[in-house]
Amino acid sequence: MFHRAILAAVGLLAATAARAETDMPFALDWKFEGPAAPYFAAIDNGHFADAGLAVEITAGQGSLDAIPKVATGAFPVGFADINSLVKFLDQNPGAPVIAVMMIYDKPPFAVIGRKSLGVETPADLAGKVLGAPPPDGAWAQFPIFAAENGLDMATITVEPVGFPTREPMLAEGKVASITGFSFSSYLNLVRLGVPEDDISTILMADYGVDLYGNAIIVNTDFAAANPELVKGFLAAVAAGWKDAIADPAAATASLVERNPAADAELEQRRLQLSIDDNVVTDWTKANGFGDVDDARLANSIEQIKLTYEFTNAPDAGLYFTDAYLPEGGFPLE
């Protein structure tokens, strides 16, 4: 009897602990590819559970996809391009959504071309066809890239393409270049058989675009009611990225478990590209991971003004807050 009573008590405690975890659905920007691996690592390594969270990750359909999902409260947290968030909040003043943790300190916005089709530098885009999916985060920043590099948009033929057809069209030579995230489009072309030495990656951040990239966004009503849960979520995300940086293969294994059709070697390369080019930067090594530089954020808003006419006066405080981050961000090493 005593033994059964202990077992019953243990079972009750376990059930209570399981119930104590708060569901926090997380809306990704894109498919389950390499750069999503740190979030699955955070699940598998217990970081979300340690924060009292049960996190289910949902794939997205582009950099803009998660913003309305979070703004409407369908998801409490998401992953989205902060520049698109700036425009969304200008067009939807008072919408309950804000960025709380910068992930891509150096954004992956890029123009990807083929050298054999004559595209290696920004100036080479003149007189050629550029394939661009309308909801693409990189395409959204292209006018700034064009302005910073003195490109005449009238000399570039822009072909609206779908995400599934973007890289195949470049591989087949139907367009000379495309917009996309550097790590995604580059390796998609490799997978399609395009020789790596024929691929040119023009990273917009290397050509005058001073914008930030994707960030964790939250529903502000949810965050105000659950500040500790949001802090715990961000700490778990940082721990997942730290795990992925230390052991990319293990993080990729967590990803492939959710996407068995994925090519593990390819996705590990994609993860490593995002780590090296977008996450572990000189700034994050010196200042911590997750926060932003106020002067740079202000300058990025000025760059957005080059090609976007604000209806309301822009205010950086509406777009990003460090209220849920530790002082100095999270160390990545």
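The model shown is predicted, which means the values in this text are computed figures rather than measured ones.

Chemist: Help me understand the overall build of the chain in this model?
Modeler: Helices and strands together make up the secondary structure of the chain, namely 14 helices and twelve strands. Since a compact globule built from 333 residues should have a radius of gyration of about 20 Å, the 21 Å found for the chain is in line with a globular shape. Its C-alpha atoms put the chain at 85 × 45 × 35 Å along the principal axes. Relative to all contacts within the chain whose residues are 6 or more apart in sequence, the contacts with residues 24 or more apart total 81%. For the chain, the accessible area works out to roughly 13900 Å², and carbon and sulfur atoms hold 54% of it. When the 20 basic and 44 acidic side-chain charges of the chain are each reduced to a single mean position, those positions are 5 Å apart.

Chemist: Is there a simple way to think about helix 11 (residues 248-258) in this case?
Modeler: Side chains that are three or four residues apart share a direction in an α-helix, a result of its 3.6 residues per turn. Buried residues of helix 11: Pro248, Ala251, Thr252, Ser254 and Leu255, and no others. With its buried residues spanning 150° around the axis, helix 11 presents them on a single face.

Chemist: How should I be thinking about the packing of aromatic side chains in this particular structure?
Modeler: Geometrically, a pair of aromatic rings is defined through the distance of the ring centres and the angle of the planes. Going through the model one piece at a time under the given rule, you end up with 16 aromatic pairs. One aromatic cluster in this structure is built from Phe26, Tyr39, Phe48, Phe79, Tyr104, Phe109, Phe181, Phe183, Phe233, Trp241 and Phe289. Directly above the aromatic system of Tyr212 lies the positively charged group of Arg296, at a separation of 3.8 Å from the ring centroid.

Chemist: How should I be thinking about the packing of helix 6 (residues 137-148) against helix 14 (residues 294-307) in this particular structure?
Modeler: A pair of packed helices can be characterised by two numbers: the angle between their axes and the separation between those axes. Relative to each other, helix 6 and helix 14 sit at 90°, their axes nearing to 8 Å. Looking at the two axes, helix 6 sits roughly perpendicular to helix 14. Contacts between helix 6 and helix 14 involve Pro143, Ile144 and Glu148 from the former and Gln303, Ile304, Leu306 and Thr307 from the latter. Grouping the amino acids of the contact of helix 6 with helix 14 by side-chain chemistry returns four nonpolar, two polar and one charged.

Scoring rules and cut-offs
- Residues numbered from 1 in each chain as written.
- Predicted model: local features only at pLDDT ≥ 70, side-chain atom pairs only at ≥ 80, totals over all residues.
- Heavy atoms only, no water.
- Helix = DSSP H or I, 4+ residues; strand = E, 2+ residues; numbered from the N terminus.
- Rg over C-alpha atoms; globule rule 2.2 N^0.38 Å.
- Contact = heavy atoms within 4.5 Å.
- Areas by Shrake-Rupley, 256 points an atom, 1.4 Å probe, with all protein chains shown as cover.
- Lys, Arg positive; Asp, Glu negative; His and termini not counted.
- Charge placed at Lys NZ, Arg CZ, Asp CG, Glu CD.
- Buried < 20%, exposed > 50% of the residue type's maximum accessible area, 1.4 Å probe, protein only.
- Arc of directions from axis to C-beta.
- Phe/Tyr/Trp six-rings, centres within 6.5 Å; stacked < 30°, edge-to-face > 60°.
- Lys NZ or Arg CZ within 6 Å of the ring centre and 35° of its normal.
- Axes fitted to C-alpha atoms, helices over the stretch in contact; angles between N-to-C directions.
- Parallel < 35°, antiparallel > 145°, perpendicular 65-115°, else oblique.
- Nonpolar A, V, L, I, M, F, W, Y, C, P; charged D, E, K, R; others polar.

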